[in-house]
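# A closer look at the structure
Spelled out from the first residue to the last, the chains are:
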Amino acid sequence: MVDIHSHILPLVDDGSKSLEMSVEMARVAAADGITHMVASPHCNDEYPYDRQAHMDRLQVLREAVGPSMKFSLGCDFHFSYDNVQDVMRHPHKYTIGNTPYLLAEFSDFSIAPNMKFTLSQVCSIGLTPIITHPERNRILQKQPEIILQWIDVGCLVQVTAGAVTGVWGSLPKKVAEWLLKKGAVHVIASDAHDPSRRAPILSQAREAAAAIVGDEDARILVDDNPQAIVLGEPMPYI
């Protein structure tokens, strides 16, 4: 399995608090069957994003973990006005590795009415936004049909493993299930922040998703599709 969304990079945001914690997160992930993790630190008003510094820190983590886990660098990219202006100027500053895939996180408090157009602009420069955990967004929980409109302009959707299993509560679970039934989920990822409470575990969500979409489609959401993302390849299954 491949986990495209995690806060495993130590001491950069609200995720891992130490290199030792990050190593333990990688161990937990490997034990669950994950072979590749994307370190996706936040980029928002609270946590600045320094690509080179993050790359250096990720290399330290690679050396500490060893060959049991592959890593890529991405970004939990807050879709604010300033960030969008910067990504339009520097398209690969925030993407997963050297791929066109960009994790896109939205505010719980406001989403601009022209967001579909803004997303289409980002798509027009060759990037593919991956909407992260829309099932946990307070606005999108009330209007999940907006997510379908964003898919229409070229976006992908990633739901959180813990939402699929019910860890995040009944409403995120309900919205995640609605998206799965609509065929509007392309990837399940952990959004892990630590080794225990918000752990990098995907197998339980794969099993829960299988009850809705079947074993093969559930496997695709944690294997084939995220593998294509980290390799920068087109989605094999939409």
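A brief look at the structure comes next. (Residues numbered from 1 in each chain as written. Predicted model: local features only at pLDDT ≥ 70, side-chain atom pairs only at ≥ 80, totals over all residues. Heavy atoms only, no water.)

Another point: the packing of aromatic side chains. As enumerated under the stated definition, the model contains 5 aromatic pairs in all. Taking the centre distance of 5.1 Å and the plane angle of 40 degrees together, the rings of Phe79 and Phe106 count as tilted. One end of the pair, Phe79, is in the loop between strand E5 (76–78) and helix H3 (81–89); the other, Phe106, is in the loop between strand E6 (101–105) and helix H4 (115–124), and 27 residues separate them in sequence. Arg136 extends its terminal NZ or CZ atom over the ring of Trp168, reaching a point 3.9 Å from the ring centre. (Phe/Tyr/Trp six-rings, centres within 6.5 Å; stacked < 30°, edge-to-face > 60°. Helix = DSSP H or I, 4+ residues; strand = E, 2+ residues; numbered from the N terminus. Lys NZ or Arg CZ within 6 Å of the ring centre and 35° of its normal.)

Turning to the sheet that holds E5, a few remarks are in order. Spatially, 6 strands are ordered E3-E5-E6-E7-E8-E9 in an open sheet, and the strand pairing comes out parallel. With partners counted over all chains shown, the strands left at the sheet margins are strand E3 (42–43) and strand E9 (187–189), one partner each. The strands that helix H11 (residues 224–231) touches are E6, strand E7 (128–132) and E9; relative to E9, the one it contacts most, it runs at about 85 degrees. (Pairing = 2+ DSSP bridges. Contact = heavy atoms within 4.5 Å. Axes fitted to C-alpha atoms, helices over the stretch in contact; angles between N-to-C directions.)

Relative to the elements of secondary structure, Asp13 occurs in the loop between strand E1 (2–6) and helix H1 (19–32). At 2.8 Å, the side chain of Asp13 and the side chain of His7 are in polar contact. Within the structure, the side chain of Asp13 is placed 3.1 Å from the backbone nitrogen of His42, a separation counted as a polar contact. Beyond its immediate sequence surroundings of up to four residues, Asp13 is in contact with His7, Pro41, His42 and Tyr47. (Polar contact = N/O pair within 3.5 Å; in protein donor to acceptor, adjacent residues only side chain to side chain.)

Here we come to a negative patch on the surface. On the surface, a cluster of negative charge is made up of Asp14, Asp45, Glu46 and Asp82. Note on placement: Asp45 falls in the loop between E3 and helix H2 (51–65). We classify Asp45 as exposed; its relative accessible area is 85%. (Patch = residues over 30% accessible without salt bridge, like charges linked within 9 Å, V, L, I, M, F, W, Y side chains within 5 Å. Areas by Shrake-Rupley, 256 points an atom, 1.4 Å probe, with all protein chains shown as cover. Salt bridge = Lys/Arg side-chain N within 4 Å of Asp/Glu carboxyl O. Lys, Arg positive; Asp, Glu negative; His and termini not counted. Charge placed at Lys NZ, Arg CZ, Asp CG, Glu CD. Buried < 20%, exposed > 50% of the residue type's maximum accessible area, 1.4 Å probe, protein only.)

What follows concerns the environment of Ala161. Note that Ala161 resides in helix H7 (residues 161–165). It is 9.2 Å that separates the C-alpha atoms of Ala161 and Ala209, two residues lying 48 residues apart in sequence. Once you skip the residues sitting within four places of it in the chain, Ala161 turns out to touch Ile188, Ala189, Ser190, Ile201, Leu202 and Ala205.

The computed volume of the largest pocket comes to approximately 330 Å³. Glu105, Phe106, Asp108, His133 and Arg136 are, among the 19 residues lining the largest pocket, the residues nearest its centre. (1 Å grid on protein atoms, 1.4 Å probe; cavity = no way out; pocket = protein on both sides within 12 Å on 5 of 7 lines; lining within 4 Å. Points joined across faces, edges and corners; volume = space filled by probe spheres on them.)

Turning next to the sheet that holds strand E4 (residues 70–73). On the basis of which strands lie adjacent, the open sheet formed by 3 strands has the order E1-E2-E4 and parallel pairing. The open sheet has two edge strands with one neighbour each: E1 and E4. Here the strands of the sheet are splayed against their neighbours by 20 degrees on average, with no regard to which way each runs. Bridge count between E1 and strand E2 (residues 36–39): 3 bridges; the pairing is parallel. Its bridge partner being in E2, Asp3 is matched across the sheet by Met37.

Note that every value here comes from positions in space, so none of it alone points to a role or purpose.
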